[in-house]
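If you want the building blocks of each chain, they are given just below.
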2 protein chains.
Amino acid sequence: MLTERQKRILWAIINNYIVSAEPVGSRTVSKKEGVGFSAATVRNEMADLEEMGYLEQPHTSAGRIPSQKGYRFYVDHLLMPQKWTSSDLLSFQQLFSQNIDRVELAIQHTSNILSQLTNYMTICLGPRVFIDRLNHLQVVPLSDRSAVSIAVTDRGYVQQHRITLPEDVSVSTIERLINLLNHRLKGISLSKLKATVHQELTNELKRYMDHYEQTLDLLDQILHIHHEERIYTSGTTRMLEQPEFQDVAKMKMLLNFLEEDQRLIQLLEPNTDGVHVRIGDEIHMEEVNHCSIITTSYMINGEPVGTIGVLGPTRMDYQRVISLIDILTQFFSQQLSSMYEDE
Amino acid sequence: MLTERQKRILWAIINNYIVSAEPVGSRTVSKKEGVGFSAATVRNEMADLEEMGYLEQPHTSAGRIPSQKGYRFYVDHLLMPQKWTSSDLLSFQQLFSQNIDRVELAIQHTSNILSQLTNYMTICLGPRVFIDRLNHLQVVPLSDRSAVSIAVTDRGYVQQHRITLPEDVSVSTIERLINLLNHRLKGISLSKLKATVHQELTNELKRYMDHYEQTLDLLDQILHIHHEERIYTSGTTRMLEQPEFQDVAKMKMLLNFLEEDQRLIQLLEPNTDGVHVRIGDEIHMEEVNHCSIITTSYMINGEPVGTIGVLGPTRMDYQRVISLIDILTQFFSQQLSSMYEDE
DNA sequence: TTTTAGCACTCGCATATAATGAGTGCTAAC
DNA sequence: GTTAGCACTCATTATATGCGAGTGCTAAAA
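Definitions and cut-offs
Residues numbered from 1 in each chain as written. Chains lettered and ligands numbered in written order. Predicted model: local features only at pLDDT ≥ 70, side-chain atom pairs only at ≥ 80, totals over all residues. UniProt positions renumbered as here; feature names shortened; annotations may be inferred. Contact = placed C-beta atoms within 7 Å. Helix = DSSP H or I, 4+ residues; strand = E, 2+ residues; numbered from the N terminus. Least-squares fit on C-alpha atoms with pLDDT ≥ 70 in both. Near = placed C-beta within 6 Å. Nonpolar A, V, L, I, M, F, W, Y, C, P; charged D, E, K, R; others polar.

- Chain A carries the name Heat-inducible transcription repressor HrcA in an unreviewed UniProt entry, which gives Thermoflavimicrobium daqui as its organism.
- Quoted verbatim from the Function (unreviewed entry) field of the UniProt record, the comment on chain A reads "Negative regulator of class I heat shock genes (grpE-dnaK-dnaJ and groELS operons). Prevents heat-shock induction of these operons."
- In its Sequence similarities (unreviewed entry) section, the UniProt record describing chain A reads: "Belongs to the HrcA family."

Quick look at the structure:
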């Protein structure tokens, strides 16, 4: 266990490193507020802290930088929760007071705000619609054989498909079909639509419809959920302002990484409770070895439906980001819920 | 006017510079196929070409690089159109044979292909829906006071709005309203919907509806066109592989630029006829001073509805890109049109 | 008159060398 | 246990040096 003095010194070093991005030396720490010991004393403690694995030395004659273990200790034991003033809260409130009529825009907006306030990059994973329930299904014909199918969920999410109608199925048949479906599928969650059709409605369909096979194909088209979740990013360039990305190679590695949506989705693996911090290796992805990510879930009416994450260098302002992501996600969840509140 | 020999030399220099990105010297040109003169002769001609403004010299003892004027001449007079073999055409065909059910996905797909084949960055401006005509309007209630409005166009584009119903307007009133609108607005282009309502339907509305003011507000919400065009990009990182962007500052400038959708839209200002090439300054944007952009329009049933552009360094393989963008856009337009062909 | 070989000259780039200074570890005194 | 002092380390910066690709000019060859 660390002594009180060691904690102080570790704390001072990390705080300093967070803003300077330079190895911090004993003299700097000694002069820092809240540390009353001489540089020599600090040096001794620093040597101990390094031995214990909380600090690292880039080379012999340089200062110390925090190790991953150091950051972890800092996040777990040395942070004090931010106190928001009422004027802070008011300005946050204002950021979310704008009237937005589409979920996607609201997410993008939140993402932008968070990136702006933290000065790091924000990644959001779009709302999981598959837990939404079907409210209304409709097919709008465009011509003899092409049409658009539209599914509206109880939360107001709209999903569309362009479909081609089988030649030998008449428009009136389709109409009957949709009527039937609306009747029988309303309230079923999107993820279960197909299964429900296949399990419960086959017999009925066989009875009602002329061309059972084609119809079933068509239904599968209509009910297919595409892109259940979408990735939103903000502030990529802010990331590139960070001194650790002045290196062109690292920059490219990051940008390549960010172009792969699948990896980003992995990055935001859901965590339903509170704010999570993963530091460096803990992310288990080569490309973001030198990054940390702070994630939390946003809710609609208390139910987690998506994830927000702030990605920054391991040398990131954990205190500020954790506080900001926490409070802003609350406001955002509130805004989202209010978009549905009168259900 | 340039002599035949000067053209040859300019052509050789530019071709060489396009692949090497290094100033090219007289010896290199002299050895190049199709140039039968000694280095000294080439040197003299190069001096002349420089005087006329077609070449530049980074510093006294370096080779020459093409100037903007040089590139312009090259593009206007020295390019020979690419001949595609039937196997080329077949493989292009295959690239577009995939069945895609949403316009957005098709655009993104094309954008990706073009970027991959050119090794530069591709930017697409989404289809202009405002020229689409209204086919079907619908309001799906979610709860007492919230609903989703859906507008489907003749081309199958779906536009949705989340709306809040005024307290004192009943559901049946809304239904009547939508019926009326469907009747009266079908076939009107999206861009003219609002105007039509305000000009032609006000009296009718006043007669039919109880709460004229609120209803009109609601209508404006429903008929508002958001995001008429969307920006798609591909291959940002390919751009960063180019030697001219190894400089971190330039890289950041470009990335910042790319984050501003508005600027990108400006960049793709529509040109309805054929392939357009803008080189360096001709783009009139500080941030892409050292870039060129090659654009063309894609069509649905012969009508231009959006723009595709390839952005690369001024030292870009014009020949290849021009040919590729031309042929691929044709295939893409064909694909898009076939999505609507049975109208 | 046009083309080419020859040669002195320029200048960016890469490499080697020296100077600087921030920061350390250790020792001995407080 | 703490601190001042000092020799030592090593990345970074500044300064020289050599190299070579490429030029412009001149004079000879075609």
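1. A closer look at the interface of chain A and chain B
- Listed per partner, the contact involves 33 residues of chain A and 33 residues of chain B.
- Where the side of chain A that touches chain B is concerned, the elements lending two or more residues are β4 (134–141), β5 (146–153), β6 (158–164), α10 (236–241) and α11 (248–259) of chain A.
- Looking at the side of chain A that touches chain B, the element that brings in the most residues is α11(A), giving six residues.

2. Overview of the relation of the copies chain A and chain B
- Overlaying chain A with chain B gives an RMSD of 0.2 Å, the required rotation being 180 degrees about an axis along which the chain moves by 0.1 Å. Those values place the two copies in the arrangement expected of a two-fold rotation axis. Relative to the rotation axis, the C-alpha of A:Val248 is the closest in chain A, positioned 3.3 Å from it.
- Both copies contact each other with a shared surface, as 100% of the interface residues of chain A are interface residues in chain B too.

3. Side note on the protein's contact with DNA strand D
- Not every one of the 20 residues close to DNA strand D is listed here, only the nearest: A:Thr41, A:Thr60, A:Ser61, B:Gly25 and B:Ser26.
- Among the secondary structure elements, those contributing two or more residues to the surface near DNA strand D are α3 (39–51) of chain A together with α2 (26–31) and α3 (39–51) of chain B.
- The greatest single-element share of the surface near DNA strand D, amounting to four residues, is contributed by α3(B).
- Per-class residue counts for the surface near DNA strand D are six nonpolar, eleven polar and three charged.

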